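# Commentary on secondary and tertiary structure
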Amino acid sequence: VPEGPEVETVRRTLHPQVLGRLVSKVWVSSKKLRTPVRSASFRRLLGRPITGTGRHGKLLWLDMAGAGGVLIRLGMTGRVLIQPSTSPRPPHTHVVMTFDEGADELRYVDPRRFGEVVPFSSDDELGEVRANMGPDPLAWTAEERRRVLTSLRSTQRTLKDALLDQRLLSGVGNIYASEALFVARISPTTRGCDASSPALRRLLQAVEHVLTQAVVHRGTTFADFVDASGGEGQNLAHLQVFWREGEPCTRCQRPVERMVQGARSTFYCRACQR
Ligand SMILES: [Zn+2]
């Protein structure tokens with residue numbers, strides 16, 4: 001499942017390929033994504049240039065010169081690909097935006113259809129969507145970071161659950177929550193209200209670190225994730241606990257363990273994370 005670093009990797013590979021290009025044609029499949037795709041809502045994009053790309057947490061968007069743009073959520077298996085218009089469309093292609101002279105096109109491919117592609121009409125509309133999202137550790141201000149620290153300090157939830165709450169902070173999913181707790185040497189079952197302030201500061205530093213490193217390595221690919229040019233991420237080799245159950249801890253050599261929290265797996269080292 002793409003998390004903040006994977007979506008940022010898509011954005012970075014997408015940006016140079018779409019900047020300044022005019023959308024000349026939009027095609028949508030008849031299949032419902034996370035929300036129904038209304039082809040009429042795409043009509044207003046026609047003939048407009050893409051003037052930028054943006055990202056907040058797992059939310060990606062294309063900007064169209066102050067006239068709104070397109071929101072893209074990758075869900076579990078979504079891919080945004082720039083491919084020649086003459087190449088066969090991959091199975092499960094649900095939205096196609098053709099550019100300029102029509103030599104290549106943006107294709108949204110999503111086998112499980114938990115993602116979505118939705119035009120928006122103004123910066124205000126985008127702002128409303130972002131207002132419901134917590135700050136992004138890849139881009140947050142010192143003030144936003146302090147606010148998150150305060151929320152963590154007062155929550156009754158486990159730190160693992162809190163990190164996954166996109167209203168609290170944006171872009172951390174199951175992979176990077178496990179990794180950050182390991183780097184910070186904090187047990188995943190620790191509740192926010194029981195953690196010390198130094199431990200919570202260490203945790204937020206670890207969150208920034210694991211997300212930043214994952215962007216450097218162009219994201220983590222287990223099965224589905226590729227960037228907008230079809231390239232796989234290289235971060236899998238750099239994960240220290242995630243999906244490494246039974247393998248030796250990189251710090252103490254004891255086997256990494258797995259537990260289930262809220263129906264999702266957490267990977268951790270019992271000895272290093274207390
Ligand atoms: Zn260990």
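Further up the page is the structure itself.
These lines cover the structure that appears in this document, whether it is placed above or below. (Residues numbered from 1 in each chain as written. Predicted model: local features only at pLDDT ≥ 70, side-chain atom pairs only at ≥ 80, totals over all residues. Heavy atoms only, no water.)

### Description of the pairing of strand β6 (residues 93-99)
- Counting buried positions along β6 gives seven out of seven residues, so the element sits mostly inside the fold.
- One ladder, built from five bridges, connects strand β1 (residues 23-28) with β6; its direction is antiparallel. Paired with V26 across the bridge in β6 is M97.
- Hairpin remark: β6 followed by strand β7 (residues 104-109), antiparallel, with four residues in the connecting loop; positive phi at D100, about 30°. (Buried < 20%, exposed > 50% of the residue type's maximum accessible area, 1.4 Å probe, protein only. Helix = DSSP H or I, 4+ residues; strand = E, 2+ residues; numbered from the N terminus. Pairing = 2+ DSSP bridges.)

### Structural notes on the nonpolar core
- One finds L152, L159, L163, L169, V172, Y176 and L203 to be the most contacted residues of the largest nonpolar core, which totals 37 residues.
- Elements supplying a minimum of two residues to this core: α3 (142-154), α4 (159-164), α5 (174-183) and α6 (197-216).
- For this core, the leading source of residues is α6, giving nine residues.
- With sequence-adjacent residues up to four places away left out, L203 is seen in contact with L159, L163, A180, L181, A184 and I186. (Core = buried A, V, L, I, M, F, W, Y, C linked by side-chain atoms within 4.5 Å. Contact = heavy atoms within 4.5 Å.)

### Concerning the side chain of T77
- Along the polypeptide, T77 turns up in the loop between β4 (69-73) and β5 (79-84).
- The buried category is assigned to T77, whose relative accessible area is 7%.
- Looking at T77, its side chain comes within polar contact range of the main-chain nitrogen of R112, at 3.1 Å.
- Discounting residues that sit within four places of it in the chain, T77 has contacts with V109, D110, P111, R112, R113 and D224. (Polar contact = N/O pair within 3.5 Å; in protein donor to acceptor, adjacent residues only side chain to side chain.)

### A closer look at the coordination of the zinc ion
- The protein atoms that coordinate the zinc ion are C249 (SG), C252 (SG), C269 (SG) and C272 (SG), at distances of 2.3 to 2.4 Å.
- What the four donor atoms of the zinc ion show is an angle range of 101 to 113° at the metal, which sorts the shape as tetrahedral.
- All donors of the zinc ion belong to a single chain; written as a sequence motif, their spacing is C-x2-C-x16-C-x2-C. Residues C269 and C272 agree in their burial class; the two are buried. (Donors = N, O, S within 2.8 Å, 3.2 Å for Na, K, Ca; no water. Tetrahedral: all angles 85-135°; square planar, octahedral: opposite > 155°, others 65-115°.)

Honestly, that's just the spatial picture; any functional story needs more than this.
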